[in-house]
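Summary of the model geometry
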2 protein chains.
Amino acid sequence: MRDSYHEQLDDILAELERMTRTVSTAVRRSTAALLEADIRKAEEVIAADIQLDAAGEGVEEKVFELMARQSPVANELRMLVAGLRMVADLERMGDLAAHVSKIARMRYPAPAIPNELHDVIESMGSVAGKMVDAAGDVIASRDVEAAGKLEASDDEMDKLRSNQFRLMMDADWPHGVEVAVDMALLSRYYERISDHAVAMARRVVYLVTGELPVAVGGTAAGSGAGASAPNPNGN
Amino acid sequence: MRDSYHEQLDDILAELERMTRTVSTAVRRSTAALLEADIRKAEEVIAADIQLDAAGEGVEEKVFELMARQSPVANELRMLVAGLRMVADLERMGDLAAHVSKIARMRYPAPAIPNELHDVIESMGSVAGKMVDAAGDVIASRDVEAAGKLEASDDEMDKLRSNQFRLMMDADWPHGVEVAVDMALLSRYYERISDHAVAMARRVVYLVTGELPVAVGGTAAGSGAGASAPNPNGN
């Protein structure tokens, strides 16, 4: 029975890793769709989100089966709930990547982002993608140390967001209201993707060790979408 | 044993209702803080969010205890997980209400929202507050029918958001980039609060009946933060 439990748990972790790779692709393709005003890529990301949700439901089924059949002890139950929360993180990250693509689609055939602002969006997309990859690596390696490194990338995202808001609030901002609104929402989406990546990494630590990482109290495997990073813009 | 199970479940639902009332207050006070440029109210909402998180952790503990001690059958386990997801919804709604207050705080002593736009924000805050109240009522009454009514309010929120974006995208928008960015983020926060209210109502139905409401597939008690409403602005 115990062996079967651990085999099924490994299976669940492998599927969570696969979902994480899918989200990473979605984040990168969405950023490309945005910067290249590529409607086909945007539509692909939006369509692929449905498959991600279906994959999530499949993983949830496996977790519930494991809960029901193997009568896990108290600590194992909490670990399995952390797994369910990772599914929720991944589904939400997929939604957010699709939101990025929807902005590309809404402005098409015009590019949503003027050339002068490509760097800002490219950096955000790249940091977000990197963080999703890192979360996937933590699942694959079960490397508890590596989970901590995501927090540093999260600070990077905060800095990017802060700079971007400074740009937009400048009296000389030449791009008008529409671009500013798109940029504000995009940066919010990328920030939330990053928050979920940090939360996921923490949940892996919990799922694998049954212990919360560092001194984050109940938050790590707790219910918060996670790690509400200090926001330089106060929102 | 069974009786004790149901008593504890009632207790959990009562606490979820209390948390919902706290969130409703936070949403209303945040909107007031914003419209009245009232820094004290804003600070109160931001501070109160910590207590909400603590309450959430308390409810989670009770759910885990019930899971571990009462050996719920498969269906009961899923219902209890729906309860955990409601805690996550409520904590997130509290964060979002605090985000609204943080915009008021960031612009203080200036008002974040010009007088001409008070109506728009007031309507959004009011619809969001009403939806949170309705979610609380569904918990209190366990009225499965009432849960469906939240979807109509969600459509109302979509319409408000759509109108607000039309206003901002008008070439004659007189309020500049800063106000537009604040408005875009505020409307996103209110929309997300509403989404979570809809998701919560669905989860109550599941928690109480063990059945998903209407034909929403795995979504209702599923992992999605919920009910990703059709967004009129494509983002």
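Residues numbered from 1 in each chain as written. Chains lettered and ligands numbered in written order. Predicted model: local features only at pLDDT ≥ 70, side-chain atom pairs only at ≥ 80, totals over all residues. Heavy atoms only, no water.

In the nomenclature of an unreviewed UniProt entry, chain A corresponds to Phosphate-specific transport system accessory protein PhoU from the organism Kribbella hippodromi. Note on chain A: under the UniProt heading Sequence similarities (unreviewed entry), the record states "Belongs to the PhoU family." Within the UniProt record for chain A, the comment given under Subcellular location (unreviewed entry) is "Cytoplasm". (UniProt positions renumbered as here; feature names shortened; annotations may be inferred.)

**Digging into the relation of the copies chain B and chain A**
What connects the two chain copies is a rotation about an axis and a shift along it. When chain B is fitted to chain A, the best match, at an RMSD of 0.0 Å, comes from turning it 180° and sliding it 0.0 Å along the axis. What we have between these two chains is a two-fold relation. Counting the interface residues of chain B, we find that 100% of their copies in chain A are interface residues as well, pointing to one common contact surface. (Least-squares fit on C-alpha atoms with pLDDT ≥ 70 in both. Contact = heavy atoms within 4.5 Å.)

**As for the environment of B:H196**
Residue and element names in this part refer to chain B. If you trace the backbone, H196 turns up in helix 6 (residues 176-209). According to the relative accessible area criterion, H196 is buried, its value standing at 4%. H196 sits 107 residues away from D89 along the chain, and the two C-alpha atoms are 5.7 Å apart. A distance of 2.9 Å separates a polar atom in the side chain of H196 from a polar atom in the side chain of D89. (Helix = DSSP H or I, 4+ residues; strand = E, 2+ residues; numbered from the N terminus. Buried < 20%, exposed > 50% of the residue type's maximum accessible area, 1.4 Å probe, protein only. Polar contact = N/O pair within 3.5 Å; in protein donor to acceptor, adjacent residues only side chain to side chain.)

**Observations concerning the interface of chain B and chain A**
Note on interface size: it is often stated as the accessible area lost on association of the parts. Contact residues are listed per partner, giving 45 residues for chain B and 45 residues for chain A. Regarding the contact of chain B and chain A, the summed buried area is about 3700 Å², with carbon and sulfur atoms giving 61% of it. At the boundary of chain B with chain A, the tally comes to four salt bridges. With its nearest N and O atoms 3.0 Å apart, the salt bridge here joins A:E61 to B:R78. Of all the elements in the fold, those that place two or more residues in the side of chain B that touches chain A are helix 2 (39-69), helix 3 (74-107), helix 5 (144-169) and helix 6 of chain B. Of the residues that constitute the side of chain B that touches chain A, the class distribution is 23 nonpolar, nine polar and 13 charged. (Buried area = accessible area lost by both parts, 1.4 Å probe. Salt bridge = Lys/Arg side-chain N within 4 Å of Asp/Glu carboxyl O. Nonpolar A, V, L, I, M, F, W, Y, C, P; charged D, E, K, R; others polar.)

**A short note on the pattern of salt bridges**
Residue and element names in this part refer to chain A. For the coordinates displayed, the defined rule picks out 42 salt bridges over all chains. Where D182 meets R107, a salt bridge forms, and the shortest distance between an N and an O atom there is 2.7 Å. Pair noted here: D182 is in helix 6 (residues 176-209) and R107 is in helix 3 (residues 74-107), with a separation of 75 residues, a long-range link. For D182, a relative accessible area of 1% corresponds to the buried category. Classification of R107 by relative accessible area gives buried; the value is 15%.

**Here's the deal with the confidence of the model for chain A**
Averaged over all residues, the pLDDT of chain A is 89; the fraction at 70 or higher stands at 89%. Low pLDDT, under 50, characterises residues 215-235 of chain A; the stretch is placed with 62 contacts to residues that sit more than four places away or in other chains. (pLDDT = per-residue confidence, 0-100.)

**Side note on the environment of B:E156**
Take B:E156: it is sitting in helix 5. In the structure, B:E156 is positioned 32 residues away from B:M124 in sequence and 9.0 Å away in space, judged by C-alpha atoms.

**Focus: unusual backbone geometry**
Residue and element names in this part refer to chain A. Cis geometry is adopted by the peptide bond preceding P109, which originates at Y108 and carries an omega value of 5°. Inspection of the secondary structure assignment puts P109 in the loop between helix 3 and helix 4 (118-141). Of note, the phi angle at R142 is positive, near 50°, even though the residue is not glycine. Mapped onto the elements of the fold, R142 is located in the loop between helix 4 and helix 5 (144-169).

**What about helix 6 of chain A?**
Its 34 residues give helix 6 of chain A an end-to-end C-alpha distance of 50 Å, which sits within 8% of 50 Å, the value for a rise of 1.5 Å per residue. Downstream of helix 6 of chain A by one or two residues, A:G210 has phi in the positive range, about 75°. (Expected span 1.5 Å × (residues − 1).)

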